[in-house]
Amino acid sequence: MASILVSQEAGVLSLTLNRPDKLNAFNPQMHQELRRALEQALNDDAVRAVLLTGAGRAFCAGQDLSERNPRPDAAPIDLAVSLSSFYNPLVRRLRELPKPVVCAVNGVAAGAGANLALACDLVLAARSASFVQAFSRLGLVPDSGGTWFLPRLVGPARAMGLALLGEKLSAEDAERWGLIWKALDDAALPEEAAGLARALAAGPTRGYGLIKKALAASWSNSLDAQLELERDLQREAGFSQDYREGVRAFLEKRKPEFRGK
Ligand code: LHQ
């Protein structure tokens, strides 16, 4: 059975993590299928936004721990191998994808599953969903970008609390803390998330890609360097057909028809 369900409609590539009996925890097959789907998102011009969600009652419980049962007599497993081969490339691919990625967190997001959500561009969550930095409960360090995303999104005090204590944070608190974009009623989440992804897929795709690039660079740039980068990216955006269409539509008082070019 496919670990990732993939469908494409109206410019949106919808990806559903599909191991519901394991709360959509990651195994190598799920990693490989997700990687292939995100390659499609990158290479297919018809894809102008990605929507990521989970099947069943969870979004994703992180690494499948049933595949990691360390027997006391066995040689220790080098976890860096799994990060280098799977989790790190996944987070990089999402952050560097020049198209918007919406994440609909339909239920609990734990460990690498929580940080997978944070690597997406706009995170919506069902009110019943929660975020758990479960790593410290296992003696591990938040990975998949957790130690980078958390302090930037919620500040150092809350990042430290979440990472050390590994407690569940409700979707509503996650919204209040600035960890995610919005918490929504459970019943409203699928349609709201799909509508948001469709709206983004009808938007100025090249401009969106440049926005992602600019905000990503801002964390390590001085203001001076960022001003230079904005100049360069704005030059690129200004050469796009969508910019012309945006201005024309504004002056003609109509809705723009962006082509993503
Ligand atoms: C699971 C899992 C799971 C397998 C629930 N695996 N079965 C990267 C690199 C290399 C190595 C290490 O890790 C990493 C990154 C990581 O992600 S480390 C963190 C791994 N994830 C966790 O530690 C989370 C573990 N899960 C939980 O804490 C809870 O299950 C959560 C908070 C997700 C949900 O709690 P509940 O809603 O109370 O559900 P539950 O605990 O009853 O789980 C339901 C079933 O799912 C249960 O199986 P069962 O056969 O009893 O029904 C769990 O064993 C299974 N499950 N997470 N990660």
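Residues numbered from 1 in each chain as written. Predicted model: local features only at pLDDT ≥ 70, side-chain atom pairs only at ≥ 80, totals over all residues. Heavy atoms only, no water.

### Remarks on unusual backbone geometry
With a phi close to 50 degrees, A10 is a non-glycine residue in the positive phi region. Structurally, A10 can be placed in the loop between β1 (4-9) and β2 (12-17). (Helix = DSSP H or I, 4+ residues; strand = E, 2+ residues; numbered from the N terminus.)

### Some words on the pairing of strand β3 (residues 49-54)
A large share of β3 lies buried, amounting to six of its six residues. A two-sided burial pattern is seen for β3, the buried positions comprising A49, L51 and T53 on one face and V50, L52 and G54 on the other. Relative to β3, β2 is paired through six bridges, and the arrangement is parallel. Each residue of the ladder has a partner; that of L17, found in β3, is G54. Following the chain from β2 across helix α1 (residues 28-43) to the adjacent parallel β3, one finds a crossover that is right-handed. Pairing of β3 with strand β5 (residues 101-105) involves four bridges; the strand directions are parallel. Within β5, the position partnered with L52 by the bridge is C103. (Buried < 20%, exposed > 50% of the residue type's maximum accessible area, 1.4 Å probe, protein only. Pairing = 2+ DSSP bridges. Right-handed = clockwise from strand over helix to strand, strands pointing away.)

### Let's talk about the nonpolar core
Of all hydrophobic cores here, the largest spans 62 residues; its most connected members are L15, L17, L34, F59, V105, F131 and L179. When residues in this core are grouped by element, the largest group, six residues, is from helix α7 (residues 189-201). Look past the residues within four positions of L17 in its chain and what remains in contact with it is S3, I4, N24, M30, L34, L52, T53, G54, A55, F59, C60 and L116. Residues A58, V108, V132 and A134 belong to the second largest nonpolar core, which totals five residues. (Core = buried A, V, L, I, M, F, W, Y, C linked by side-chain atoms within 4.5 Å. Contact = heavy atoms within 4.5 Å.)

### Quick notes on the site of the ligand
Lining the immediate surroundings of the ligand are 24 residues, of which R57, Q63, L65, R68 and A112 lie closest. Residue L65 places a main-chain N or O atom 2.8 Å away from a nitrogen atom belonging to the ligand. A112 is positioned such that a nitrogen or oxygen atom in its backbone is 2.9 Å from an oxygen atom of the ligand. Considered on its own, the ligand offers 1000 Å² of accessible surface; in the complex 67% of this is hidden by protein. Going through the elements one at a time, α2 (79-96) and β6 (108-110) are the ones with two or more residues in the shell around the ligand. Broken down by element, the shell around the ligand gets its largest block of residues, four residues, from α2. Its residues assigned to classes, the shell around the ligand comprises 14 nonpolar, five polar and five charged. (Near = heavy atom within 4 Å. Polar contact = N/O pair within 3.5 Å; in protein donor to acceptor, adjacent residues only side chain to side chain. Areas by Shrake-Rupley, 256 points an atom, 1.4 Å probe, with all protein chains shown as cover. Nonpolar A, V, L, I, M, F, W, Y, C, P; charged D, E, K, R; others polar.)

### Focus on a nonpolar patch on the surface
Together, L65, I77, L79, L138 and L140 give the surface a local cluster of nonpolar side chains, amounting to about 430 Å² of exposed area. Position of L138 among the secondary structure elements: in the loop between β8 (130-132) and α4 (146-154). (Patch = residues over 30% accessible without salt bridge, like charges linked within 9 Å, V, L, I, M, F, W, Y side chains within 5 Å. Salt bridge = Lys/Arg side-chain N within 4 Å of Asp/Glu carboxyl O.)

### Observations regarding the packing of aromatic side chains
Inspection of the entire model under this criterion finds three aromatic pairs. For the pair W148 and F149, a centre-to-centre distance of 5.6 Å together with 85 degrees between the ring planes defines the contact as edge-to-face. A relative accessible area of 5% means that F149 is categorised as buried. Judged by centre distance (6.0 Å) and plane angle (80 degrees), the ring pair of W148 and W219 falls under edge-to-face. Taken together, the residues span a long stretch of sequence, with W148 in helix α4 and W219 in the loop between α8 (205-218) and α9 (223-238) at a distance of 71 residues. Relative accessible area serves as the criterion here: at 33%, W148 is assigned to the partly exposed category. Of the residues examined, W219 reaches a relative accessible area of 43% and is grouped as partly exposed. Three or more aromatic residues joined by ring pairs make a cluster, and in this case those are W148, F149 and W219. (Phe/Tyr/Trp six-rings, centres within 6.5 Å; stacked < 30°, edge-to-face > 60°.)

### A look at the packing of α1 against α2
Contact geometry of α1 with α2 gives a least axis separation of 11 Å together with a crossing angle of 25 degrees. Here α1 is positioned roughly parallel relative to α2, judged by the angle of their axes. α1 and α2 meet at a crossing whose hand is left-handed. Counting all contacts with α1, which are made through P28, H31, Q32, L34, R35, L38, E39 and L42, the residues of α2 involved are S85, F86, Y87, P89, L90, R93 and L94. Across the contact of α1 with α2, the residue classes break down as nine nonpolar, three polar and three charged. (Axes fitted to C-alpha atoms, helices over the stretch in contact; angles between N-to-C directions. Parallel < 35°, antiparallel > 145°, perpendicular 65-115°, else oblique. Left-handed = near helix turned anticlockwise from the far one by under 90°.)

### Section: the side chain of N27
Along the chain, N27 turns up in the loop between β2 and α1. Judged by its relative accessible area of 9%, N27 falls in the buried class. A distance of 2.9 Å separates a polar atom in the side chain of N27 from the backbone nitrogen of M30. Apart from residues no more than four positions distant in its own chain, N27 is found in contact with R19 and E67.

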